[in-house]
Amino acid sequence: MSTPAGSSPADLPAEPAQRRPAESEVQEPAQARQPELPSLLPGMLLVDPDPADAVGGGRVRRSVRDWVVDALCFAIAVVVGLMSYDTAMRNDPPEMVQLLDLVVGAIACVALWWRRRWPVQLAVAAAIVGTVVASIAGATMILLFTVAVHRRYVVAVAIALLNVASGLVFYGVYPDLDLSYRGMLAFTVLGVVAITLWGMFVRARRQLVLSLRERAHQAESEAALRVERARHLERERIAREMHDVLAHRISLLSVHAGALEYRPDAPGDDIARAASVIRSSAHQALQDLREIIGVLRAPSSDDDLDRPQPTLAQLPALAEESRQAGMRVSLVDELTGDDAEPPPAVARCAYRVVQESLTNVRKHARGTGVCVTLAGGPGDGLEVEIRNRLPVGSATRSEIPGTGTGLIGLSERVELAGGRLDHGITPDGDFRVRAWLPWPA
């Protein structure tokens, strides 16, 4: 029997204060939602999905990866800038021009630390200044790549054309002594195109990751809404079921109160007996009302009318029905209290827990043996445990349809009854559903 989709340990109600079970044997799988190594992801992929955090908009904090990449970009800009400066200075310009070239190149390299905040502005300024400054070549290359990553392709293509034009002017001011003008122009065009396409590829991949993350976020929200609706529907069903019990209790009150009203001269024993019935019926009705207080009640269908109320006495018949369907079901009764019966609401809840668990076994673990154990007694509470072995090998897929919210409904039902339900795989390899329900002394 497998856990249906949408249920998780967080959906289980807290255990009542009057009982603390022994150390749980259930091992719930941990569902890690955070990346395994977040320091290796860009900062924009570590924030919550939000339109403001999409590529090209919003400010995010740098991750460890971003700091490493920024340091490498700074180092590459310095190395490439010095290489370009060394090549350009073969034309022997004045010393003041050489000094200013180095100063402007150093400023451009430092400005790379703000390249994600103002990529277009810095790229345009670097391309314009790059027409006469050689040491800015490395910073210009990094800024072109940043624009291609963080801005739309139209902006990236415009910056790429501006860099090509800047190269035309630069090689007119500082001609290369080893290559022709056409050769340097071709080298510049190839470099600009390669850097731009690389940046566009990175941008497309990041947009894909962001879109997939947004879809996953929406799927989680929709799953939470489905779980909440399943709880709401289960509460409505419980309210319809309680209607029959409350009507029965109130009708008893009306009958005995009417008898006292029309027979004030009845014997004392009859009056005391009628008053006792009124008191017990009123007490039970209040308990039933307490269970469904605050639950929205929907109109009941015709199928719900005159529905019998199950009790623990009907569990053997339920087990026999399952045996006739081909299941191996064993029922173990370890109840104490000299044949004492739990309250009707508790007995109904226990019956529903066993019924839903046997249904889940037929769906998800066909052919495995099931052991249903009843334990406890008055004052200690009623404990219901359903245990079955997990299917081995490639079991045939069940053809029985299901909503995937059965255990969610059981958790709500048990919680409204003042109890607790847990489920999961035990260290022995069994799947177990265990419910504890209050049983007053």
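For the structure, check the block above.
Rules behind the numbers
- Residues numbered from 1 in each chain as written.
- Predicted model: local features only at pLDDT ≥ 70, side-chain atom pairs only at ≥ 80, totals over all residues.
- Heavy atoms only, no water.
- Buried < 20%, exposed > 50% of the residue type's maximum accessible area, 1.4 Å probe, protein only.
- Helix = DSSP H or I, 4+ residues; strand = E, 2+ residues; numbered from the N terminus.
- Pairing = 2+ DSSP bridges.
- Contact = heavy atoms within 4.5 Å.
- Patch = residues over 30% accessible without salt bridge, like charges linked within 9 Å, V, L, I, M, F, W, Y side chains within 5 Å.
- Areas by Shrake-Rupley, 256 points an atom, 1.4 Å probe, with all protein chains shown as cover.
- Salt bridge = Lys/Arg side-chain N within 4 Å of Asp/Glu carboxyl O.
- Lys, Arg positive; Asp, Glu negative; His and termini not counted.
- Polar contact = N/O pair within 3.5 Å; in protein donor to acceptor, adjacent residues only side chain to side chain.
- Core = buried A, V, L, I, M, F, W, Y, C linked by side-chain atoms within 4.5 Å.
- Phe/Tyr/Trp six-rings, centres within 6.5 Å; stacked < 30°, edge-to-face > 60°.
- Axes fitted to C-alpha atoms, helices over the stretch in contact; angles between N-to-C directions.
- Parallel < 35°, antiparallel > 145°, perpendicular 65-115°, else oblique.
- Left-handed = near helix turned anticlockwise from the far one by under 90°.
- Nonpolar A, V, L, I, M, F, W, Y, C, P; charged D, E, K, R; others polar.
- Expected span 1.5 Å × (residues − 1).

### Regarding the pairing of strand β5 (residues 430-437)
Here is step 1 of the chain: Most of β5 is tucked away, with eight of its eight residues classed as buried.
Here is step 2 of the chain: Neither face of β5 is open: one carries Asp 430, Arg 432, Arg 434 and Trp 436, the other Phe 431, Val 433, Ala 435 and Leu 437, and all of them are buried.
Here is step 3 of the chain: Two strands pair when backbone bridges link them, and strand β3 (residues 381-389) and β5 are joined in this way by eight bridges, in the antiparallel orientation. Bridge pairing links Ile 386 to Val 433 in β5.
Here is step 4 of the chain: Both strand β4 (residues 420-425) and β5 contribute to a ladder of six bridges, which runs antiparallel. The partner of His 423 across the bridge, within β5, is Val 433.

### Notes on the environment of Ile 386
Here is step 1 of the chain: Tracing the chain through its elements places Ile 386 in strand β3.
Here is step 2 of the chain: Excluding anything up to four places from it in sequence, Ile 386 contacts Val 353, Val 354, Ser 357, Val 370, Cys 371, Val 372, Phe 431, Arg 432 and Val 433.

### Here's the deal with a nonpolar patch on the surface
Here is step 1 of the chain: On the surface, a nonpolar cluster with roughly 500 Å² of combined accessible area is contributed by Met 96, Leu 99, Leu 100, Val 103 and Ile 107.
Here is step 2 of the chain: Looking at where Ile 107 falls in the secondary structure, it is placed in helix α2 (residues 95-111).

### Section: the side chain of Asp 101
Here is step 1 of the chain: Along the chain, Asp 101 falls in helix α2.
Here is step 2 of the chain: Arg 90 is the oppositely charged side chain nearest to the buried, salt-bridge-free Asp 101, at an N-O distance of 14 Å.
Here is step 3 of the chain: A distance of 2.8 Å separates the side chain of Asp 101 from the backbone nitrogen of Ala 134, its partner in a polar contact.

### Concerning the nonpolar core
Soluble globular proteins tend to bury their nonpolar side chains together.
Here is step 1 of the chain: In terms of nonpolar packing, the biggest core is built from 32 residues, with Val 353, Val 354, Leu 358, Leu 382 and Leu 437 touching the most fellow members.
Here is step 2 of the chain: Those elements that place two or more of their residues in this core are α8 (315-324), α9 (344-364), β2 (369-377), β3, α10 (406-416) and β5.
Here is step 3 of the chain: With nine residues, the top contributor of residues to this core is α9.
Here is step 4 of the chain: Among residues more than four places away in sequence, those in contact with Leu 437 are Val 346, Cys 349, Ala 350, Gly 381, Leu 382, Val 414, Ala 417 and Gly 419.
Here is step 5 of the chain: By size, the runner-up hydrophobic cluster in this structure holds 21 residues, among which are Ala 77, Ala 126, Ile 142 and Ala 160.

### Some remarks on the packing of aromatic side chains
Here is step 1 of the chain: Taken as a whole, this structure holds five aromatic pairs when the rule is applied.
Here is step 2 of the chain: Ring geometry for Trp 67 and Trp 113: centres 6.1 Å apart, planes at 40 degrees, overall tilted. Here the residue Trp 67 occupies a position in helix α1 (residues 64-88), and Trp 113 occupies one in the loop between α2 and α3 (119-129), the gap between them amounting to 46 residues.
Here is step 3 of the chain: Classification of Trp 67 by relative accessible area gives partly exposed; the value is 47%.

### Some details on the packing of α3 against helix α5 (residues 153-173)
Here is step 1 of the chain: Closest axis-to-axis distance for the α3/α5 pair is 9 Å, and the angle between their directions is 15 degrees. Of the possible angle classes, the one that applies to α3 and α5 is roughly parallel. As α3 runs across α5, the sense of the crossing is left-handed. Note on element contacts: α5 touches α3 through Val 155, Ile 159, Leu 162, Asn 163 and Ser 166, opposite Val 120, Ala 123, Val 124 and Ala 127.
Here is step 2 of the chain: Tallied by class, the residues present in the contact of α3 with α5 amount to seven nonpolar, two polar and no charged.

### Comments concerning helix α4 (residues 137-150)
Here is step 1 of the chain: Along its 14 residues, α4 runs 20 Å from first to last C-alpha, staying within 8% of the 20 Å computed at 1.5 Å per residue.
Here is step 2 of the chain: In terms of residue burial, α4 counts as a mostly covered element, since eleven of its 14 residues are buried.
Here is step 3 of the chain: Looking at α4, one finds that the buried residues are Gly 138, Ala 139, Thr 140, Ile 142, Leu 143, Leu 144, Thr 146, Val 147, Ala 148, Val 149 and His 150.

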